[in-house]
Amino acid sequence: RILGVLRPLALSAQAWQKALDTDAEWGMAEAGIRLEHHTLEPRNLSSSEAAVADFGDDPDSFWWGIATAPAHQEDGLDDAWLRFAREGNVRAWTNVPRAEERLRAWSEPETDIRLAAGLGVQVYRMGVDWGRLVPHCRLDEPDARKCRIQNVAALERYERILRMARGYGMKVMLTLFHHSFPLWGTWPSADVLAAANDRFTARDPHWHPRSSGSGTGAMWQHPNAASLFVAFGVDVVERLGHLVDFWVIFNEPVIYTSLSHCMGMWPPGPPITSMAVKVNCLTNPETGSLKAQLNMVAAHRRLYGLIRATESRRGWRMAPVGVAHLLMDTRPYSNYGEQSGKLDEATELFLKLFARYLFIDMLRDVLDFCGINYYGEEVIQNFEPATLPHEVEYSGNGRGISATGMVNVLAQFHSRYQDDDQARFVGPSGYGYVITENGIADGSDLLRPAYIIEHLAALHHARSVLGVPVRGYIHWTVTDNWEWAD
C-alpha cells in the first residue's frame, strides 16, 4: 500500500536486477558469502496493479516507523550542537536564513506527531535530551547521584509527549543518546588539540598515546561518563518506561565517537588536521574512539540490566532493547578500475574490523534487537571518502546511493551472527533486526521517491530471499531539519 503511492515512478526492475547481480555479489564475496542469482520479474510501475514488494499487513511480523532526534527538532534547546554551530562549524550557519531556529517539537509537539501518525506508521522513534534533563553537572563529579535528572518539569513534558504519540495510535521507540552530549561534558579543546598535534609530530619523548591520543574533549572518554549516563537513565526508565515499546540506548556510537573525538568534525571540535593523531585516536584502545566506545558498552550493559530489573519490579511488559548502528557499504577506490595503492584496501579492511562489527560483538549478548542505520555507500581512497561522479549517484550531502548496499550489509550481518549462540538478537528470545534509519538528503525531492522504493525492494529481497529477520523499517525523518554538521 505504501509503495502504491509511489507507483508512477519509473524504476526499472531489469536495472535493479543487474545491480543486484553485480554490486551484491561483490559484497557477499568480500564477506565469504555466496549469493544466489535470483530473477526478479520486471514490473511496469506506471500500472495501478504494480507491486514491487509485499510486506504484509501484520505489524507483529513487520512494521513501519518514522524517526526524529532532539538535537534536530527541539526548540529551546541550548546544547553542544548550538554552541558548535555558533562557532562556525555547521554549514547552514553560512547559507540558511534563521539557521538557529529549530523545529517546534518541544513547544508544539503535536504538529510533528500528527504528521507522523498521518503517514500510517506504527512506531514513532524519538529521544530525550540528556543536557535538557541534567543541565548542571561536571565530568569529574565523584558522586553520580548528584547528576540524576534535575529538570523534573522537562521530564514530565517528555512523558506527555510520549503519551501523545501513543494517543495517536503509535508505539514509541525511545533513544537515550542521539549525538548530543551536555554542555558540561565538553570544553574548548584548541589547546589540547595543539598539544597533541605538536607533540605527536615532534616525537616528543614524553608523549604517550594514553594521554595525548585524542584530539577533542573528554566526553565519553572520561572514566565517569558511563556512571553519569546511567544516573540520568535511572530516572528516565523509572518515569517513562511504561510508555516505551522499544529502547535505543545509543545511536551510531562508532560514528559519533570517531567524528567527535578523533576528527573534530562534531562537537566540541575543532577539526583535526594531523593524520597521525587521527589514526592513533581511531585505533588505540587506551584513548580516543575505542576508549569512548568501551565506556558506552559499560553504560549499555548497566542500563540493560536496569531496564529488565525495573520491568520485573513494576510488572511492566518487556520492551526490546537495542542499538542503532550505522553501516555503510564501503569499497576501495581501486575497485572502480582507478589507479590506487594498497592503502585503499587496508583502510576498507580497517573500517570493517573497527566500524562494522566490533561494537556489536562487544554487546551482542545484551541486544534484543540490532538496529541498522543505512543510507548508502562510501568509496574509500587514502583513508578518506572519494567521489566518483560518473560511476556513483550521490545524495544532497554527498553520500553514494546504493540500494544493493542494504542487501550487502544485511546479508553480511546475517552470515556473521545467525549461528552465534551469544547473539541474543537472533536467538530464540531475540527480536531480530530493525532498520532504525534509512533516508536521503534531497532538497529537491527528485531523488527521494525512487530512493525509497529501491531500498524497500532491497529490504524485501533481504527478508524474503536471503532470510534476514528484519522486523521493521524506520524512515529518517519526519520533516526537514538540522542534519548535524551539514
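Keep in mind it's a predicted model, so treat the numbers as computed, not measured.

Its place among the elements puts glutamine 293 in helix H13 (residues 288-314). Discounting residues that sit within four places of it in the chain, glutamine 293 has contacts with Pro253, Val254, Thr257 and Phe359.

This brings us to the environment of alanine 324. Tracing the sequence through the fold places alanine 324 in strand S5 (residues 321-332). In this structure, the C-alpha to C-alpha distance between alanine 324 and phenylalanine 250, residues 74 residues apart in sequence, is 6.4 Å. Residues within four places of alanine 324 in sequence aside, it is in contact with Arg125, Val248, Phe250, Asn251, Glu252, Pro253, Gly371, Asn373 and Thr436.

What follows covers the state of the cysteines. The full count for this structure, using the stated rule, is two disulfides. A sulfur-sulfur separation of 2.0 Å characterises the disulfide bridge that pairs cysteine 262 with cysteine 281. Since a negative S-S torsion denotes a left-handed disulfide, the cysteine 262-cysteine 281 link at about -75 degrees is left-handed. Of this pair, cysteine 262 sits in helix H11 (residues 253-262) while cysteine 281 sits in helix H12 (residues 275-283), and the two are 19 residues apart along the sequence. When its relative accessible area of 0% is taken as the criterion, cysteine 262 is described as buried. Taking relative accessible area as the criterion, cysteine 281 reaches 0% and is therefore assigned buried. Disulfide partners in the chain, listed by the sequence order of the bonded cysteines, are 1-2, 3-4.

So, on to the pairing of strand S8 (residues 432-437). With six of six residues buried, S8 is to be regarded as a mostly interior element. As paired elements, S8 and strand S9 (residues 470-476) share three bridges and run parallel to each other. In the strand pairing of S9, isoleucine 435 is matched with tyrosine 473. What joins S8 to S9 is helix H16 (residues 448-464), and the crossover it makes is right-handed.

What counts and what doesn't
What you see as residue numbers is a count from 1 along each chain, following the sequence as written. Residues qualify for local features only when their pLDDT is at least 70, as the model is predicted, and side-chain atom pairs are given and counted only at 80 or more; totals for whole chains, interfaces and linings, by contrast, use all residues. Remark: hydrogens and water are excluded; side-chain values derive from all non-hydrogen atoms of the structure. Here a strand is any run of E in DSSP of at least two residues, a helix any run of H or I of at least four, and the numbering for each starts at the N terminus. Throughout, a contact is declared for two residues whenever any of their heavy atoms are within 4.5 Å. Throughout, disulfides are identified as pairs of cysteine sulfur atoms within 2.5 Å of each other. Here the term buried applies to any residue with accessible area under 20% of the maximum for its type, exposed to any over 50%, and partly exposed to those in between, with areas from a 1.4 Å probe on protein chains only. Only strands joined by at least two bridges in the DSSP assignment are considered to pair. With its strands directed away from the observer, a crossover is right-handed exactly when the path from the first strand over the helix to the second travels clockwise.

What is shown is where atoms sit, not what they do.
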